[in-house]
Amino acid sequence: MTAAVTPLPLEQAAPSAAEVALLASVFVIAACGLVYELAAGTLASYVLGDSVLQFSTIIGTYLFAMGIGSWLSRYIERQLAAQFLRIELLVGVVGGLMPAILFTANAVAPSPFRGLLYGLVLLVGVLVGLEIPLVMRLLRRQYALKHLVSQVLTFDYLGALGVSIAFPLLLVPKLGLIRTSLLFGMMNVGVAAWALWLYRGELRLLRAHLIALLLSFAVLLAAFIGADRITRWSEDRYYTDPVLYAASSPYQRIIITQARSGHAETTRLWLNGNLQFHARDEYRYHESLVHPLIASLKPRRVLILGGGDGMAAREVLKHAQVESITLVDLDPQITRLFSTQPLLRRLNADALHSSKLQVINADAFQWLQARIDTPGSEPFDAVIIDFPDPSNFSLGKLYTNSFYSLVEQNLSASGQMVVQTTSPLIARKSFWTVVATLESLGLKTAPYHALVPSFGEWGFVIAGRRSYVLPEALPEGLRFLEAATLPRLFEFPPDMSRVPAEPNRLSNQVLVQTFDAEWGVMENDY
């Protein structure tokens, strides 16, 4: 009779190299899962606007779906390795293709986009929720429970950390949204391939699993190679005119289109799907934004916040007495694009190359605050605020009394600012909310409006410690403004006249909600 062999306690069992590799695959699984979540949130903010709302609802839906997946994993009792392999393939294919599917769907039929978006997020979330419980059950053969949980969660969190940093700074700017998801889809398929080899002795239908794996990888690889064509086709259909330039910066999706005729005046700039200017009539907007203030003040030092396309700077440079212009724009890709591309340089008259101009790529809120805290900073005589509309909370903070207070502290005693303030016709309460916000600081305001055909009636507000005085003359060669007719811009008909509105503060951001409601009604009506 042979002596019984006492097995090592489970805690002391040394995992094999294969099991360690499977544990390392948890890092990949976590990274892939987070990429799909971030891609869905980013795409939703591109198409639906309001990045805070979209990311919040996407993350909530995704985590809820993961909870469902984790709960469903209890019902998987047999062939754990095979089930894990299949789930990895499904996650890789569905998650990897999700942005491409959504881009295409939005171009073909925008109406059901929201339902398709959340349906795919739910599906991917459920599948990702199934992954980790199955991995833990597979690894339970080698690890005691307390070691297993700590090991799996450690790799899971590390994977999430790595992707959360790389996604906005490296992956999307270098690969784009579609290719980023497809790359991580192929990584999921790679984990499935590892599981296939590791558990080949346990798998039934080994050949069928191998074929499914190869087909999944081939589909993702083909989509990765053709990602530019998918994006170009989708955006051409969505924007009607052919896309001349498309890029994703860490801050926004940048699209420049031009009609097939090739005329420069058909050029348009879109940021996150929102029109920023149409070359045919942008002069009306930028002349109205710049000249009423600059011609009145005759400043030496001018600050432009936003306006990275250089159009506002082009108009400021028509005033000979201006000695220096500081332009602060968050996105270096915008200022780089409009200072290097020949077509765009013609549109802004090479303003970004002027010796009077200094370009600073920074967050305007933080830059203004830092400047106040820096001794010896010379104030500006005029500030031109040319930000995109307050369609989300990140932009909405630039329309708060806290922000305008920072601007006012960087103005000289006689200095004034001008703010673009959306349409007083379509978004009437939003317009007067900006006016009320400026007045809440004790500033005197002079609201006015101008017709810009691409946008409709558009609003602006001049504000400062002193009352605004109309200029006696304007620069020569303007295409829209005239000194004789300028006073009419400050007159409001009944349908655009003032309505009650509360100031927009960082603590409430009422402007974002009002803006979304007013423009949402317009989009639904038209």
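Further up the page is the structure itself.
Residues numbered from 1 in each chain as written. Predicted model: local features only at pLDDT ≥ 70, side-chain atom pairs only at ≥ 80, totals over all residues. Heavy atoms only, no water.

1. Observations regarding helix H6 (residues 206–225)
Then, in step 1: Relative to the 28 Å expected for 20 residues at 1.5 Å per residue, H6 spans 29 Å between its end C-alpha atoms, a close match to the ideal helical length.
Then, in step 2: Turning to H6, its buried residues number three or more, namely His209, Leu213, Ser216, Leu220, Ala223 and Phe224. Each buried residue of H6 lies within a common arc of 110 degrees when the element is viewed along its axis, so the set occupies one face. Exposed residues lying more than 90 degrees from the buried face of H6 are Arg207, Leu214, Leu215 and Ile225. (Helix = DSSP H or I, 4+ residues; strand = E, 2+ residues; numbered from the N terminus. Expected span 1.5 Å × (residues − 1). Buried < 20%, exposed > 50% of the residue type's maximum accessible area, 1.4 Å probe, protein only. Arc of directions from axis to C-beta.)

2. Describing the environment of leucine 343
Then, in step 1: You can see leucine 343 is positioned in helix H11 (residues 342–347).
Then, in step 2: Each C-alpha atom of the pair leucine 343 and alanine 264 lies 7.2 Å from the other, and the pair is 79 residues apart in sequence.
Then, in step 3: Among all residues touching leucine 343, those that are not within four sequence positions of it are Leu244, Gln258, Ala264 and Thr267. (Contact = heavy atoms within 4.5 Å.)

3. Comments concerning a nonpolar patch on the surface
Then, in step 1: Together, Phe27, Leu158, Leu161, Ile165, Leu169 and Leu170 make up an exposed nonpolar region whose accessible area comes to about 570 Å².
Then, in step 2: With five residues, the top contributor of residues to the nonpolar patch is helix H5 (residues 145–198).
Then, in step 3: Looking at where isoleucine 165 falls in the secondary structure, it is placed in helix H5.
Then, in step 4: Take isoleucine 165: its relative accessible area is 46%, and that puts it in the partly exposed class. (Patch = residues over 30% accessible without salt bridge, like charges linked within 9 Å, V, L, I, M, F, W, Y side chains within 5 Å. Areas by Shrake-Rupley, 256 points an atom, 1.4 Å probe, with all protein chains shown as cover. Salt bridge = Lys/Arg side-chain N within 4 Å of Asp/Glu carboxyl O.)

4. Describing the pairing of strand S5 (residues 301–306)
Then, in step 1: Counting buried positions along S5 yields six of six residues, so the element is predominantly enclosed.
Then, in step 2: Looking at chain direction, S5 and strand S6 (residues 324–329) are connected through five bridges and run parallel. Across the sheet, the residue bridging to valine 302 is isoleucine 325, located in S6.
Then, in step 3: In this fold, S5 hands off to helix H9 (residues 311–316), which returns the chain to S6; that crossover is right-handed.
Then, in step 4: Bridging between S5 and strand S8 (residues 380–386) involves five bridges; their strand directions are parallel. Pairing of glycine 306 across the sheet is with aspartate 386, part of S8. (Pairing = 2+ DSSP bridges. Right-handed = clockwise from strand over helix to strand, strands pointing away.)

5. Let's talk about the packing of helix H3 (residues 80–108) against H6
Then, in step 1: Two elements in contact, H3 and H6, have axes whose closest approach is 10 Å; the angle formed by their N-to-C orientations is 15 degrees. Considered as vectors, H3 and H6 are oriented roughly parallel to each other. Handedness of the crossing formed by H3 with H6: left-handed. In contact with Ala82, Leu85, Arg86, Leu89, Gly92, Val93, Gly96 and Leu97 of H3, H6 contributes His209, Ala212, Leu213, Ser216, Val219, Leu220 and Ala223. (Axes fitted to C-alpha atoms, helices over the stretch in contact; angles between N-to-C directions. Parallel < 35°, antiparallel > 145°, perpendicular 65-115°, else oblique. Left-handed = near helix turned anticlockwise from the far one by under 90°.)

Purely geometric numbers; function is a separate question.
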